[in-house]
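Structural features, examined
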Amino acid sequence: MNHNLYKLSKAACIAAVAIVLASCGGSGESKDTRPEATKKNAVQIDTDLKTRLAEFAQAPRAKGQFAFYVFDLTADRPVYGVNENLSLPSASCLKLLSGVAGLHLLGSNYHYETSLYTKGRASGGTLHGDATFKGSLDPQLQPQDLGRFARALRKRGIQKIEGRLIADLVITEPVKSEAHWYPWDLSFSRYGLFYKGAPRVMRELKYALRAQGIQVADSQLVMGRLPRGSRLIYKYVRPISMVTRRMWKNSSNTQATAMLYTIGHRVNRRGEPTACGVNYLRKFLRQDLGFTGKDLVIHDGCGLCTHNRLSPKVLTAVLRYGYHRKPVYRLLHDQLSLAGTDGTLARMMTSQATRGKIRAKTGTLSHPYGISSLAGYCEGSNGHLLAFAIMDSEMSVLDAHVYQRKLCEALVK
């Protein structure tokens, strides 16, 4: 072999090896290392599933708006859809968006912290100084929980507060209905204590202290901020996972509204929390999910507003977003209702074909006309994980439930 040609060939081999090695290296960013993610380019979608979905789409159905979309997460490819970009009333499936967006902003390890502080000297059973109750946006704290804080004072021998009892609260006004909610949708009595207004919080705090034999006069109760130099004596925490569980599995409107307040307060502590929360959801839809259509509408965080409009493709994108973030997906997997087993799906899809095989969020509004949606995950007959969404409106909810069941049967057949 010509010596110069040999040198060129050797150099080319070295360059090729260097390129291969460079391509194997990472950029330092975390990646999804699940088998289905690393092999997605080689994985094909189930053609039999596609055929079943086409047959489902072409079958006769009742009049009304109808749309669905199915995405193969294992293959990372769409499978089939009908009107998948059509914006329709989402009902409580909006809770998927508000929950995932909240976890994205706050983190899956976020905790609501409610605390009690003292400042001053305690002697002879009297606190010669102030006690401060620092509230949070915990949506599940109830009046009976305040006994924990009162007992914390009593354990330190305090039977009387000489100074002030300060309530440092995140919000002071009671929660209000969204402009388009129906009058009966507020369910004010079901909200946590912090969402019922400052006077109610201060009254219940006073009762809790007196129940433990701690003397405090009405004149000592004031609104204010935690004084500098105060010392923490008790803290009660509630993980955000307890909120998302009620949002998703039980479709709690109060918990979803509280999540919106939490989002809004994190984004802008001085702004009106619901407006700031809604603006963040819209931003998440545009910037993180990539949907900019003006026909997509968000007015609240729970889905009670009939003006909310999403599409099956948007709902599936939310599920895909959660799937690719392991802490979020763990919560979705554990907290979505399981067909025929628990949550809002406990009495739906109870047949052997679907029971225990569908994890999904339901959405139902019977006014002003039938609105029903379903979005979630299931394992296809070929073992692939699927994300799906089906939305129906202007038809009987009972009819919509039939189509949801038939779609799910086609997915897992």
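Residue numbers restart at each chain and count upward from 1, following the sequence in its written direction. Confidence filtering applies because this is a predicted model: local features only for residues at pLDDT of at least 70, side-chain atom pairs given and counted only at 80 or more, and all residues used for totals across whole chains, interfaces and linings. Hydrogens and water are ignored here; the side-chain numbers use all heavy atoms of the structure.

1. Some points on the nonpolar core
- We call a set of buried residues a nonpolar core when its members are Ala, Val, Leu, Ile, Met, Phe, Trp, Tyr or Cys and they connect through side-chain atoms within 4.5 Å of each other. The cut-offs for exposure are 20% and 50% of the maximum accessible area for each residue type, with area from a 1.4 Å probe on protein chains only; residues under the lower value are buried, those over the upper are exposed, and the others partly exposed. Within the largest apolar cluster, 92 residues are counted, with the highest numbers of intra-cluster contacts made by Tyr195, Trp248 and Tyr377.
- With residues near it in sequence (within four places) discarded, tyrosine 195 still touches Leu137, Asp138, Pro139, Ile171, Pro174, Val175, Phe188, Ala258, Tyr261 and Thr262.
- Ranked by size, the runner-up nonpolar core spans 31 residues in total, among them Val43, Leu53, Val70 and Cys408. The contact criterion used throughout is that any non-hydrogen atoms of two residues lie within 4.5 Å.

2. Overview of the sheet that holds strand S14 (residues 385–393)
- Ordered in space as S2-S1-S14-S13-S12-S11, the six strands form an open sheet in which the pairing is antiparallel. Strand pairing shows two members of the sheet lacking a second neighbour, strand S2 (77–82) and strand S11 (337–338), which therefore form its edges.
- The sheet strands contacting helix H12 (residues 397–412) are strand S1 (65–72), strand S12 (358–365), strand S13 (371–379) and S14, and the helix crosses S13 at an angle near 15°. Whether two strands pair depends on DSSP finding at least two bridges between them. Numbering of helices and strands runs from the N terminus, with a helix taken as a DSSP run of H or I at least four residues long and a strand as a DSSP run of E at least two residues long. Axis lines are fitted to C-alpha atoms, over the contacting stretch for helices. Their N-to-C directions set the angle, which ranges from 0 to 180 degrees.

3. A closer look at the pairing of S13
- Taking burial as the measure, the nine residues of S13 include eight buried ones, the bulk of the element.
- The pairing of S12 with S13 spans eight bridges and is classified as antiparallel. Among the inter-strand pairings, lysine 361 is bridged to a residue of S13, identified as alanine 375.
- Strand direction decides the pairing type here: S13 and S14, joined by nine bridges, are antiparallel. Residue alanine 375 lies in a different strand from S14, and its bridge partner there is alanine 389.

4. Looking at a positive patch on the surface
- Patches in this entry comprise residues that are over 30% relatively accessible and not in a salt bridge; like charges within 9 Å are linked, as are nonpolar side chains (Val, Leu, Ile, Met, Phe, Trp, Tyr) within 5 Å. Per-residue and other accessible areas follow the Shrake-Rupley method at a 1.4 Å probe size, with only the shown protein chains counted as cover for residues. Salt bridge, as used here: a side-chain nitrogen of Lys or Arg that lies within 4 Å of a carboxyl oxygen of Asp or Glu. Positive charge is attributed to Lys and Arg, negative charge to Asp and Glu, and no charge count is given to His or to the chain ends. Every charge is mapped to an atom, namely NZ of Lys, CZ of Arg, CG of Asp or CD of Glu. Together, Arg148, Arg151, Lys155, Arg156 and Arg231 line one region of the surface with positive charge.
- In terms of residues, the positive patch owes the most to one element, helix H5 (residues 147–155), which gives three residues.
- Note that arginine 231 resides in strand S9 (residues 231–239).
- Judged by relative accessible area, arginine 231 falls into the exposed class, the value being 52%.

5. What about unusual backbone geometry?
- One non-glycine residue with positive phi stands out, namely alanine 91, at about 50°.
- Backbone geometry at glutamate 394 places phi at a positive 60°, although glycine is not the residue there.
- Locating glutamate 394 in the fold gives a position in the loop between S14 and H12.

6. Description of the state of the cysteines
- Any two cysteine sulfur atoms lying within 2.5 Å of each other are counted as a disulfide. The final tally for this structure, using the stated rule, is zero disulfides.
- As a non-bridged cysteine, cysteine 302 has cysteine 305 as the owner of its nearest cysteine sulfur, 8.7 Å distant.
- Considering cysteine sulfurs only, cysteine 378 is the nearest to cysteine 408, which forms no disulfide, with 6.4 Å between them.
- On the basis of relative accessibility, which here comes to 0%, the residue cysteine 408 falls in the buried class.

7. Concerning the side chain of glutamate 204
- Tracing the sequence through the fold places glutamate 204 in helix H6 (residues 198–211).
- Dropping the residues within four chain positions of it, glutamate 204 is found in contact with Pro143, Leu146 and Leu193.

8. Here we look at the pairing of strand S7 (residues 165–168)
- Where burial is concerned, the two faces of S7 agree: the one with Leu165 and Ala167 and the one with Ile166 and Asp168 are both buried.
- Bridge count between S7 and strand S8 (residues 221–223): three bridges; the pairing is parallel. Bridged to alanine 167 within S8 is methionine 223.
- Since S7 and S8 lie parallel, the crossover through H6 that links them has a hand, and here it is right-handed. The handedness rule is simple: strands pointing away from the viewer, and a clockwise path from the first strand over the helix to the second, make the crossover right-handed.

9. Thoughts on the packing of helix H3 (residues 47–58) against H12
- Close contact between H3 and H12 brings their axes to 9 Å; oriented N to C, the two are set at 160°. For the element pair H3 / H12, the angle class is roughly antiparallel. Here H3 and H12 pass one another in a crossing that is right-handed. Residue-level contacts link Leu49, Arg52, Leu53 and Phe56 of H3 to Tyr403, Lys406, Leu407, Ala410 and Leu411 of H12.
- The residue inventory of the contact of H3 with H12, partitioned by class, reads seven nonpolar, no polar and two charged. An angle below 35 degrees is read as roughly parallel, one above 145 as roughly antiparallel, one from 65 to 115 as roughly perpendicular, and any other as oblique. Note: crossing handedness is left-handed where the near helix turns anticlockwise from the far helix by less than a right angle, and right-handed where it turns clockwise. For this scheme, ten residues count as nonpolar: Ala, Val, Leu, Ile, Met, Phe, Trp, Tyr, Cys and Pro. Four count as charged, namely Asp, Glu, Lys and Arg, and the remainder, Gly too, count as polar.

10. Some remarks on the packing of helix H4 (residues 94–106) against helix H11 (residues 326–335)
- For the pair H4 and H11, interaxial distance at closest approach is 10 Å and the crossing angle is 145°. Here H4 and H11 pass one another in a crossing that is right-handed. Between H4 and H11, the residues in contact are Leu96, Val100 and Leu103 and Val328, Leu331 and Leu332, respectively.
- Along the lines of polarity and charge, the residues of the contact of H4 with H11 split into six nonpolar, no polar and no charged.

11. Side note on the pattern of salt bridges
- As enumerated under the stated definition, the model contains 11 salt bridges in all.
- Of the charged contacts, one joins aspartate 168 and lysine 134 as a salt bridge, the two residues approaching to 3.3 Å between their closest N and O atoms. Within this pair, whereas aspartate 168 is found in strand S7, its partner lysine 134 is found in strand S5 (residues 126–134), the two being separated by 34 residues in sequence.
- The residue arginine 200 makes a salt bridge to glutamate 204 at a minimum N-O spacing of 3.1 Å. With a gap of four residues between them, arginine 200 and glutamate 204 both fall in helix H6, about one helical turn apart.
- The network of salt bridges with common partners includes Lys134, Asp168 and Arg225.

Function-wise, these values are silent; they only describe arrangement.
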